[in-house]
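Results of the structural survey
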Amino acid sequence: VTPTKVRYSPLGDQFADPEAVFTALRALVASGDFTLGKVVGQFERDFAAMVGTRHAIGVGSGTDAIKVALRAVHVGQGDHVITTANTFWATAGAICETGATPIFIDCDERFQMDVAQLEAAITPQTKAIVPVHIAGDIGDMPAIMAIARRHGLPVIEDACQSLMASFDGQAAGTFGDAAAFSFHPLKIINVWGDAGAVVTNTDPVATRCRLLRNHGLRNRDEMEILGYNTRLDSVQAVVGSWILPQTPHIVANRRRNAAYLDAGLKDIPGVTLPPRDPRAISSWLLYMFSAERRDALLAWLLARGIEAKVHYPIPLYRQQALLHLGYAAGSFPVTDRHAQCLITLPVDQHLSTDALDIMIQAIAEFYGSTP
Ligand SMILES: Cc1ncc(COP(=O)(O)O)c(C=O)c1O
C-alpha cells in the first residue's frame, strides 16, 4: 500500500482539538434542549448574519434544504425544475422528491449553469430554476436572476458547495428566492454528520420552510401543511456554532492555496486551468482542472500517495436512476467532456506548502516538464 503523502480529507486536522465542542455538548446534554431549541436558533441567527440574509432555517442536510426550499416556493407534483446536468446527485434527488422533474441544461467551462441555454429551456411547465454553484465557485447570478424575473420564476440557489463565494461582490445564497447550504463533512464548513440550512430574505418563504422542516406544524397540535421531519440536529448545531467563526479563515486559506496551485500548474503542458471570471470569487471547495490523459494522471498521483479525485466521472443525466428522464448520451457535451478530463486536487485550509509542492511536482513529472 502506498503511504499517503497528500490526503484528501482535512477532517483529522479540522477536529484535532475538539475539547471546546465537547464542553458545549456537555452543556447541551445537561439542558436536554434537543429539538429546535436554543442552540439551533443561535446557529440559525449567526449563519444568516454570515451569509447576509434575513433568515436561516436549519434542516437535516443540504439535500433537504433544496427540497424544503423548492416546496416553500410551491414546487410540486408534475412541475419542471431547470438545473445543470453536471451537478451532484442530491440536486436531482431533491427535485424528484418534491414530485417535480429535473430538466437539465449544460454547464459552462467554469462548471456553472450555462446562462446562454437557460431561456430556451423554459416552458409553461417550468416552476423554478436551481442554479448550482459548483466547486466553491459561482456562475453569473445577475444574468440568471434577470431571466427568471422576466418569466416570473423563483430561483433556488444550490449553494451547498459554495459558502462565501461571491459574484460582483454579492454573496452566494443572497441572489435567489432562497438558497440551500450543506454542512456535510466535506463542505466548506462541516459538522459531525449531516446538516444543512435554507437561507432567504423573504418572510413567507422562511415561514413555510419552518413549517416544512417540522411536519408542517403551526404549533404543537395543528398541522398546517404536509411537511417532513428534517430539523437541524442540536448536536450538529453545537458543532456548527463552533466552526462558523472560523469560516473567513478557512476560505482565505483555500483561496491562498488555489492561487498557489494556479501559479504552479498553469504552464505545465497537458494542464488546462478553467477560465477565471474576475467577477466571481470562489471559496474553492474543489480545485479542478482539465488534464490530458486524465485517468493515467489520476493513477500516477494515487500511486504516489496523492489522493486526487474525479468530480464526477459519470454525469448525473447518464446515471441509471435517471435514465427514465430520457436524455440520450451526448445531450450535454460540456458536462460529458468534463467527466472525461477534469481532475480534483485537495485545496483545503490545512494543506501545507509542502503538500502543494508535492502535487505540482508530481503533475509536472507526469507531463515530463519541470515546474
Ligand atoms: C451541489 C450539491 N448539492 C447538494 C448537496 C447535498 O448536500 P448534503 O450532502 O448535505 O445532503 C451536495 C453535497 O453533498 C452538493 O455538492
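Everything here concerns the structure above.
Rules used throughout
Residues numbered from 1 in each chain as written. Predicted model: local features only at pLDDT ≥ 70, side-chain atom pairs only at ≥ 80, totals over all residues. Heavy atoms only, no water. Axes fitted to C-alpha atoms, helices over the stretch in contact; angles between N-to-C directions. Helix = DSSP H or I, 4+ residues; strand = E, 2+ residues; numbered from the N terminus. Parallel < 35°, antiparallel > 145°, perpendicular 65-115°, else oblique. Left-handed = near helix turned anticlockwise from the far one by under 90°. Contact = heavy atoms within 4.5 Å. Near = heavy atom within 4 Å. Polar contact = N/O pair within 3.5 Å; in protein donor to acceptor, adjacent residues only side chain to side chain. Areas by Shrake-Rupley, 256 points an atom, 1.4 Å probe, with all protein chains shown as cover. 1 Å grid on protein atoms, 1.4 Å probe; cavity = no way out; pocket = protein on both sides within 12 Å on 5 of 7 lines; lining within 4 Å. Sits in = over half its atoms within 2 Å of the grid points. Nonpolar A, V, L, I, M, F, W, Y, C, P; charged D, E, K, R; others polar. Core = buried A, V, L, I, M, F, W, Y, C linked by side-chain atoms within 4.5 Å. Buried < 20%, exposed > 50% of the residue type's maximum accessible area, 1.4 Å probe, protein only. Pairing = 2+ DSSP bridges.

Let's talk about the packing of helix α4 (residues 62-72) against helix α8 (residues 203-212)
Running from N to C, α4 and α8 cross one another at 125 degrees; their axes reach a closest spacing of 9 Å. For the element pair α4 / α8, the angle class is oblique. Pair α4 / α8 crosses with right-handed handedness. Between α4, through Val68, Ala69, Arg71 and Ala72, and α8, the contact on the second element is made entirely by Val205, Arg208, Cys209 and Leu212.

Re the site of the ligand
Around the ligand there are 15 residues in total, and Gly62, Thr63, Asp158, Ser182 and Lys187 lie nearest to it. Within the contact set of the ligand, an oxygen atom lies 2.7 Å away from a backbone nitrogen or oxygen of glycine 62. Lysine 187 has a polar side-chain atom sitting 2.8 Å from an oxygen atom of the ligand. Compared with its free state, where it exposes 380 Å², the ligand has 94% of that area covered by protein. Using a 2 Å cut-off from the grid points, one finds that the ligand occupies the largest pocket. Taken together, the elements giving at least two residues each to the shell around the ligand come down to α4 and α5 (89-97). Here the element with the most residues in the shell around the ligand is α4; it accounts for 3 residues. A class-by-class count of the residues in the shell around the ligand yields 5 nonpolar, 8 polar and 2 charged.

Side note on the nonpolar core
Ranked by internal contacts, the top residues of the largest apolar core, which has 39 residues, are Phe47, Phe181, Phe183 and Ile189. At the level of elements, α2 (19-31), α3 (38-51), β8 (178-182), β9 (196-200), α9 (234-243) and α10 (247-265) are the ones that each hand at least two residues to this core. The contacts of phenylalanine 47, once residues within four sequence positions are left out, are Ala56, Leu163, Phe181, Phe183, Ala197, Val199 and Leu244. Ala258, Val347, Ala355 and Met359 belong to the second largest nonpolar core, which has 29 residues in total.

Points about the sheet that holds β8
The 4 strands are arranged β1-β9-β8-β5 in an open sheet whose pairing can be described as mixed. Of all strands in the sheet, those with a lone pairing partner are β1 (55-59) and β5 (156-158), marking the two edges. Averaged over all adjacent pairs, the angle separating strand axes in this sheet is 20 degrees, with direction ignored. Pairing of β5 with β8 involves 3 bridges; the strand directions are parallel. Counted as the bridge partner of aspartate 158 is alanine 180 from β8. Across the sheet, α8 lies against β1, β8 and β9, angled at about 15 degrees from β1, the strand it touches most.

Function cannot be inferred from these measures alone, as they are strictly geometric.
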